[in-house]
Amino acid sequence: MFKTCLSGLRNVSRRQQVLSAATARLQHTQAEQLGMSVPSYRPETSSAKSLMDIGTRRIFNEDHDLFRQNVRRFFQEEVVPYHKEWEKAGQVSRELWEKAGEQGLLGLLIPEKHGGVGGDMFCSAIMAEEQMYCNCSGPGFTLHSDIVMPYISNYGSKEQIERFLPEMSAGKCISAIAMTEPGAGSDLQGVRTNAKRDGSDWILNGNKVFITNGWMADLVVVVAVTNREAKSMAHGISLFLVENGTKGFQKGRKLEKIGLKAQDTAELFFEDVRLPGDAILGEPNKGFYYLMNELPQERLVIALMGLASCEFMFEETRNYVLQRKAFGKTISNLQTVQHKLAEMKTEICVGRAFVDNCLQLHAEKRLDPATASMAKYWATDLQGRVATQCLQLHGGWGYMWEYPIAKSFVDSRVQSIYGGTNEIMKELIARSIVSQK
């Protein structure tokens, strides 16, 4: 049934369904400009019954609602029942990836001509949000589809695109991106992994850490220094496509984290890895610029997931305080609890308005790096505060792993760290403020 509902995204009519979203938004804007009434009313989250309701938010339309229904069903049927066993295993199953590929849920942003679905950024946002709404952090779909695949689609050769993207959209080739090193996190110019020319080949050496999808990855985009004589590191970094099984490429242990238990995060080691000349992604020494071009989308995706997590935690906590009794009545009758809920909902709705605006800007290719940094910093800081406050309202039960808020609490902590720490986000924002250029 789910596959049938999504057939519009996988056959001849797929393009019409996806493009209709953009058409609807254009008609909506034109109608407002002409003073005409807009045909359908879509409440914002502040006035909706639940922050996770389908059919809300003006940036979406009915086609997006249908897509969201089916994505929600996929997570409830294919992810939620198995997530606890994946947490114990430290990874999800390969079967899940292939099921997601069969349902057309991977490579949503990638053009059809490159083997993707040909959807819009709003579809990708729905995918990220629905994963947060089911409180299952294991599947690394968003990193795979919205962060790694665009590098190949935007900068890859015809051969690289044809070889990898269709398999990645099918869930048969799982991907990761390897930037972070033991001594280089948010500062990409501190990268020590390097690749040197050897005839027409490259010899890659170095190691990476905290790599999401790293253990299961079939393909890794590796950031490496290729010109140490460049006037700055920005002029001497390149990106390489390294396949699992390549001689000299070894995966370390799955890292034990305080959260994201079902997400396979690993160390990667490269020792004299010989790569053919066509393994380089784009042009040599242009890698830093490619990274800078793509990082705003990565940071927007993190913001989207952070806000959606806030919405989930709020609804989970509202349901809890409406049932939990103390002093002869439910704790929702206590003024201090009511005021805390009011504060959280207000902050979440303010954040939602800003992040949705950023999503609209990005869909129009107008999201600048500083604004993306604002979204990432604000949404993930808010996520941390909401997690703490919601757990507090659960009392001792919030500290028990069996309660969803406990998992949300530990999962939320990393959001302000990866994708560039929030301290770095503030530096980028400040730079745009004080720059005289």
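You'll find the structure just up there.
Residues numbered from 1 in each chain as written. Predicted model: local features only at pLDDT ≥ 70, side-chain atom pairs only at ≥ 80, totals over all residues. Heavy atoms only, no water.

Focus: the side chain of Ser 373
Move 1: With respect to the secondary-structure elements, Ser 373 resides in helix H11 (residues 369–394).
Move 2: According to the relative accessible area criterion, Ser 373 is buried, its value standing at 0%.
Move 3: Residues in contact with Ser 373, not counting those within four places in the same chain, are Arg 299, Met 425, Leu 428 and Ile 429. (Helix = DSSP H or I, 4+ residues; strand = E, 2+ residues; numbered from the N terminus. Buried < 20%, exposed > 50% of the residue type's maximum accessible area, 1.4 Å probe, protein only. Contact = heavy atoms within 4.5 Å.)

Points about the pattern of salt bridges
Move 1: Across all of its chains, the model carries 24 salt bridges by this definition.
Move 2: We note a salt bridge from Glu 130 to Arg 68, for which the minimum N-O separation is 2.7 Å. In this pair, Glu 130 sits in helix H6 (residues 121–133) while Arg 68 sits in helix H3 (residues 62–78), placing the two residues 62 residues apart along the sequence.
Move 3: On the basis of relative accessible area, Arg 68 is assigned to the buried category, the value being 5%.
Move 4: The residue Arg 366 makes a salt bridge to Glu 364 at a minimum N-O spacing of 2.7 Å.
Move 5: Accessibility expressed as a relative area gives 52% for Arg 366, which makes it exposed.
Move 6: Overall, the relative accessible area of 39% leaves Glu 364 in the partly exposed class.
Move 7: When salt bridges with common partners are traced through the structure, they connect Arg 57, Arg 68, Arg 72, Glu 129, Glu 130, Glu 311, Arg 352 and Asp 356 into a single cluster. (Salt bridge = Lys/Arg side-chain N within 4 Å of Asp/Glu carboxyl O.)

Examining the side chain of Ser 124
Move 1: Inspection of the secondary structure assignment puts Ser 124 in helix H6.
Move 2: Residue classification places Ser 124 among the buried positions, given a relative accessible area of 1%.

Quick look at the environment of Glu 423
Move 1: With respect to the helices, strands and loops of the structure, Glu 423 is situated in helix H13 (residues 422–434).
Move 2: Relative accessible area serves as the criterion here: at 54%, Glu 423 is assigned to the exposed category.
Move 3: In sequence terms Glu 423 and Leu 219 are 204 residues apart; their C-alpha atoms lie 31 Å from each other.

Overview of unusual backbone geometry
Move 1: The backbone phi angle of Asn 135 is positive, close to 60°, even though this residue is not glycine.
Move 2: Along the chain, Asn 135 turns up in the loop between H6 and helix H7 (141–155).
Move 3: With a phi close to 55°, Phe 327 is a non-glycine residue in the positive phi region.
Move 4: Looking at the element boundaries, Phe 327 is found in the loop between strand E9 (325–326) and strand E10 (329–330).

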